[in-house]
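Below, each chain spelled out in residue letters.
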Amino acid sequence: MATLNDVSQCVLDGDLDGIKVLVQALIDDGTDPIVIINDGLIAGMNIVAPLFKSGEMFVPEVMESADTMNEGMKLVKPLITDEDIPSKGKIIIGTVNGDLHDIGKNLLVMMMESRGYTVIDLGVDVKEEAFSAAVKEHKPNIVGMSSLLTTTMMKIESTIKQLVADGLRNQVKIIIGGAPVTQEFADDVGADGYSDDASTAVELCDRMMS
Ligand code: B1M
């Protein structure tokens, strides 16, 4: 008989075929879909996060685990309503104007979603005005900006200035990251937080929301 531990292990292993069989078996046994999400799928990602942080798992494996979790979610999501899943908060995220790198950002999105946040991913090459319009529309708790190029780092600053100009800066916390970004840079441009990897970024959000 399938167990919630098997589901977590399957997420850890990145077993895309196995997860469908296990989650369907638990659904057929009458297991509460919320329990499958929290104690099976998310529990699996909660094992992955520290292993990634400590260097025991690498980007491709983390992506596989996140894909596996999402495959399981596809089966349970139709069985629950959005109100059943308490969200920890709403986060808007994007790679800044002129920058097309999205692997790190996508990893971050997956980790944030797996840790219970509602994430609105604006994609790559996100113009300053688009960040601002999204804040107006979605009223997030946190805005995340990723930049991988020294040439686009300054777009973080111009986006923050855009939020100030539009009177939105005080309504959100801003976190930033990406290879060239540093804590010093974050302090200079007036971001609320900086992180150099996806796991720490999620922990940063947790601290901001508490
Ligand atoms: Co480009 N690229 N690239 N590239 N690319 C870099 C960044 C570069 C360092 C390579 C090099 O020269 N050594 C260099 C930048 C140099 C610089 O600015 N100092 C570079 C360059 C120059 C370029 C082009 C200009 C090349 C050209 O066309 N001449 C061009 C620019 C295109 C553009 O954006 N306008 C370009 C293009 C590309 C590809 C399209 C080919 C591809 C991107 C594909 C994609 O993303 N879909 C690519 C890639 C893959 C890289 C490298 C090799 C790998 C980046 C990556 O995905 N790393 C990169 C070299 C490198 O970083 N070693 C390089 C894995 C990823 C998991 O890590 O993105 O750092 P990372 O994310 C981490 C953390 O940074 C952090 O968490 C993540 C996970 O732990 N993090 C955040 C990221 N965002 C965060 C946000 C947060 C918090 C944490 O809060 C919101």
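Up top is the structure these notes are about.
Everything in this summary refers to the structure shown in the same document. (Residues numbered from 1 in each chain as written. Predicted model: local features only at pLDDT ≥ 70, side-chain atom pairs only at ≥ 80, totals over all residues. Heavy atoms only, no water.)

**Observations regarding the coordination of the cobalt atom of the ligand**
And then number 1: Protein coordination of the cobalt atom of the ligand is limited to a single donor, His101 (NE2), which sits 2.2 Å from the metal.
And then number 2: Along the polypeptide, histidine 101 turns up in the loop between β1 (90–95) and α5 (103–114). (Donors = N, O, S within 2.8 Å, 3.2 Å for Na, K, Ca; no water. Helix = DSSP H or I, 4+ residues; strand = E, 2+ residues; numbered from the N terminus.)

**Here's the deal with the sheet that holds strand β5 (residues 193–194)**
And then number 1: An order of β2-β1-β3-β4-β5 is seen for the five strands of this open sheet, with the pairing classed as parallel. Each edge of the open sheet is held by one strand with a lone partner, namely β2 (118–121) and β5.
And then number 2: Contacting β1, β2 and β3 (142–146), helix α6 (residues 128–138) crosses the sheet at an angle of about 165° to β1.
And then number 3: Those strands touched by helix α9 (residues 198–209) are β1, β3, β4 (173–177) and β5, and its axis lies near 170° from that of β4. (Pairing = 2+ DSSP bridges. Contact = heavy atoms within 4.5 Å. Axes fitted to C-alpha atoms, helices over the stretch in contact; angles between N-to-C directions.)

**Focus: α5**
And then number 1: Helix length check: α5 (12 residues) gives 17 Å between terminal C-alpha atoms against 16 Å at 1.5 Å per residue, within 8%.
And then number 2: For α5, the complete set of buried residues consists of Lys105, Leu107, Leu108, Val109, Met110, Met111, Met112 and Ser114. (Expected span 1.5 Å × (residues − 1). Buried < 20%, exposed > 50% of the residue type's maximum accessible area, 1.4 Å probe, protein only.)

**Side note on the packing of α6 against helix α7 (residues 154–165)**
And then number 1: Running from amino to carboxyl end, α6 crosses α7 at an angle of 45°, the nearest separation of the two axes being 9 Å. The angle between the axes of α6 and α7 places the two elements in the oblique class. In the packing of α6 onto α7, the handedness of the crossing is right-handed. Only Lys155, Ser158, Thr159, Gln162 and Leu163 of α7 make contact with α6, whose side of the interface consists of Glu128, Glu129, Phe131, Ser132 and Val135.
And then number 2: Taken together, the residues of the contact of α6 with α7 sort by class into three nonpolar, four polar and three charged. (Parallel < 35°, antiparallel > 145°, perpendicular 65-115°, else oblique. Left-handed = near helix turned anticlockwise from the far one by under 90°. Nonpolar A, V, L, I, M, F, W, Y, C, P; charged D, E, K, R; others polar.)

**A look at the side chain of aspartate 99**
And then number 1: Turning to its location among the elements, aspartate 99 is positioned in the loop between β1 and α5.
And then number 2: One buried charge, aspartate 99, has no salt-bridge partner; the nearest side chain with opposite charge is lysine 105, at 10 Å.
And then number 3: There is a polar contact of 2.8 Å between the side chain of aspartate 99 and the backbone nitrogen of leucine 148.
And then number 4: Within the structure, aspartate 99 has its side chain in polar contact with the backbone nitrogen of leucine 149 (distance 3.3 Å).
And then number 5: Residues contacting aspartate 99, with those up to four places away along its chain left out, are Val124, Asp125, Ser147, Leu148, Leu149 and Thr152. (Lys, Arg positive; Asp, Glu negative; His and termini not counted. Salt bridge = Lys/Arg side-chain N within 4 Å of Asp/Glu carboxyl O. Polar contact = N/O pair within 3.5 Å; in protein donor to acceptor, adjacent residues only side chain to side chain.)

**Some thoughts on the pairing of β1**
And then number 1: Among the six residues that make up β1, five are buried, leaving the element largely enclosed by the rest of the structure.
And then number 2: The sheet contact formed by β1 and β2 spans four bridges and is parallel. Paired with isoleucine 91 across the bridge in β2 is valine 119.

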